[in-house]
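The residues making up each chain are set out below.
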Amino acid sequence: MSDDAVLVSVDDQIATVTLNNPDMRNALTAEVSAGIVDALDEIERSDARVVVVEGAGSAFCAGGDINSMMEGLSGDIPAWRKAEEIMASLHRAIERLIRCPLPTVAKIDGQAFGAGASLAIACDVQAVHEDVDMSFAFRKVGLAVDSGTSWMLPRLVGANVAKRLVLTGQVITAEEAQELGVVTDVYDDEEYEERTAELVAAIAEGPTVGLKISKRLIRQNATKSLTEALDDEATAQALALGSQDHAEGASAFMEGRDTEFEGR
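Residues numbered from 1 in each chain as written. Predicted model: local features only at pLDDT ≥ 70, side-chain atom pairs only at ≥ 80, totals over all residues. Heavy atoms only, no water.

A. Layout of the overall build of the protein. Regarding its fold elements, the protein presents eleven helices and ten strands. Here the C-alpha coordinates of the protein stretch approximately 70 × 40 × 35 Å along the principal axes. Residues counted as buried form 42% of the 264 residues belonging to the protein. Each charge class in the protein can be summarised by its mean position, and for the 22 positive and 46 negative side chains these summaries are 9 Å apart. (Helix = DSSP H or I, 4+ residues; strand = E, 2+ residues; numbered from the N terminus. Buried < 20%, exposed > 50% of the residue type's maximum accessible area, 1.4 Å probe, protein only. Lys, Arg positive; Asp, Glu negative; His and termini not counted. Charge placed at Lys NZ, Arg CZ, Asp CG, Glu CD.)

In structure tokens:
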């Protein structure tokens with residue numbers, strides 16, 4: 001794996017994962033996908049409290065690795081075997097991002113198409129520049145959805161809207177994506193960097209233990225019964241109640257002051 005296919009940094013407990021293949025518009029090559037996994041492993045060993053995923057250059061992520069797809073059209077390798085090779089690293093990266101215990105923010109200030117749009121919605125929150133276009137455009141290259149799209153997208157927008165977006169490959173604006181529920185936040189050009197930084201800081205300054213537990217509960221309990229969800233919440237709350245962040249939050253509330261969570 002190239003050492004610079006994905007860059008990772010941690011500053012003031014904010015981790016940034018940068019897809020660093022601008023010449024290919026940050027396509028999810030095997031190197032980039034493996035780099036995402038390695039970056040998240042490194043971040044979880046750090047003191048980071050939030051993860052920001054961004055793309056270098058003019059695109060967030062233009063999708064899958066077309067070069068590998070074209071190579072798969074030649075040679076004697078069966079299509080199913082080539083699909084396994086292409087999907088293995090890509091799906092490992094998507095799953096690793098979805099299961100990341102820390103809150104994740106997709107910083108989308110450039111094109112997000114196909115698997116790139118899927119990478120965006122694999123994050124918990126999306127901060128999108130108003131000029132960005134998005135599309136689950138797998139059909140444009142004659143392919144079915146991948147990258148967890150069939151699991152994530154219906155949970156965000158409902159089955160009917162998900163099918164329309166996928167079956168038509170419709171290109172949607174940032175505003176349309178927000179209206180449909182594909183993304184959470186859209187900012188105009190003048191305020192984009194400032195508002196995105198404020199969003200990330202608000203998450204980083206929160207009670208990290210409680211936020212990690214809440215994120216896990218929302219993901220896991222989406223398909224459980226109410227009784228099961230309530231039981232899970234009661235069990236998980238015991239962990240939060242024992243955290244230093246809870247002690248700080250309760251003290252700050254009683255003393256009428258701002259909280260100073262340390263993420264423990």
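B. Focus on the layout of surface pockets. Considered as a void within the structure, the largest pocket measures approximately 600 Å³ in volume. The wall of the largest pocket is formed by 22 residues, among which Ile121, Cys123, Asp124, Leu156 and Ile218 lie closest to the centre. Secondary structure elements with two or more residues in the lining of the largest pocket: helix 4 (115–122), strand 7 (125–129), helix 5 (149–157) and helix 9 (208–220). Across the lining of the largest pocket, the residue classes tally to 15 nonpolar, three polar and four charged. (1 Å grid on protein atoms, 1.4 Å probe; cavity = no way out; pocket = protein on both sides within 12 Å on 5 of 7 lines; lining within 4 Å. Points joined across faces, edges and corners; volume = space filled by probe spheres on them. Nonpolar A, V, L, I, M, F, W, Y, C, P; charged D, E, K, R; others polar.)

C. Just the sheet that holds strand 9 (residues 172–173), in detail. Pairing within the open sheet is mixed, and its four strands lie in the order 4-6-8-9. Bordering the open sheet on either side are strand 4 (59–61) and strand 9, each of which pairs with just one other strand. Relative to strand 9, strand 8 (residues 133–135) is paired through two bridges, and the arrangement is antiparallel. Bridge pairing in strand 9 places Asp133 opposite Thr173. (Pairing = 2+ DSSP bridges.)

D. Up close: the packing of helix 9 against helix 10 (residues 226–241). Where helix 9 contacts helix 10, the axes come no closer than 9 Å and their chain directions differ by 165°. Judged by the inter-axis angle, helix 9 sits roughly antiparallel to helix 10. You can see that helix 9 and helix 10 cross each other, and the crossing is right-handed. Residues Val209, Ile213, Arg216 and Leu217 of helix 9 touch helix 10, and the partners they reach there are Asp232, Glu233, Ala236, Leu239 and Ala240. Counted by class, the contact of helix 9 with helix 10 contains six nonpolar, no polar and three charged residues. (Axes fitted to C-alpha atoms, helices over the stretch in contact; angles between N-to-C directions. Parallel < 35°, antiparallel > 145°, perpendicular 65-115°, else oblique. Left-handed = near helix turned anticlockwise from the far one by under 90°. Contact = heavy atoms within 4.5 Å.)

E. Inspection of helix 1 (residues 30–44) at higher detail. Helix length check: helix 1 (15 residues) gives 22 Å between terminal C-alpha atoms against 21 Å at 1.5 Å per residue, within 8%. Within the span of helix 1, buried status applies to Val32, Ser33, Gly35, Ile36, Val37, Ala39, Leu40 and Ile43. (Expected span 1.5 Å × (residues − 1).)

F. The nonpolar core, seen in detail. Among the nonpolar cores identified, the biggest contains 49 residues, and Ile36, Val51, Phe60, Leu119, Met134 and Val182 are the most heavily contacted of them. In contact with Met134, not counting residues within four places along its chain, are Ala112, Phe113, Ala117, Ala120, Gln170, Val171, Ile172, Ala177, Val182 and Val183. Core analysis: the second largest hydrophobic core is formed by eleven residues, Val105, Leu199, Val200 and Ile203 among them. (Core = buried A, V, L, I, M, F, W, Y, C linked by side-chain atoms within 4.5 Å.)

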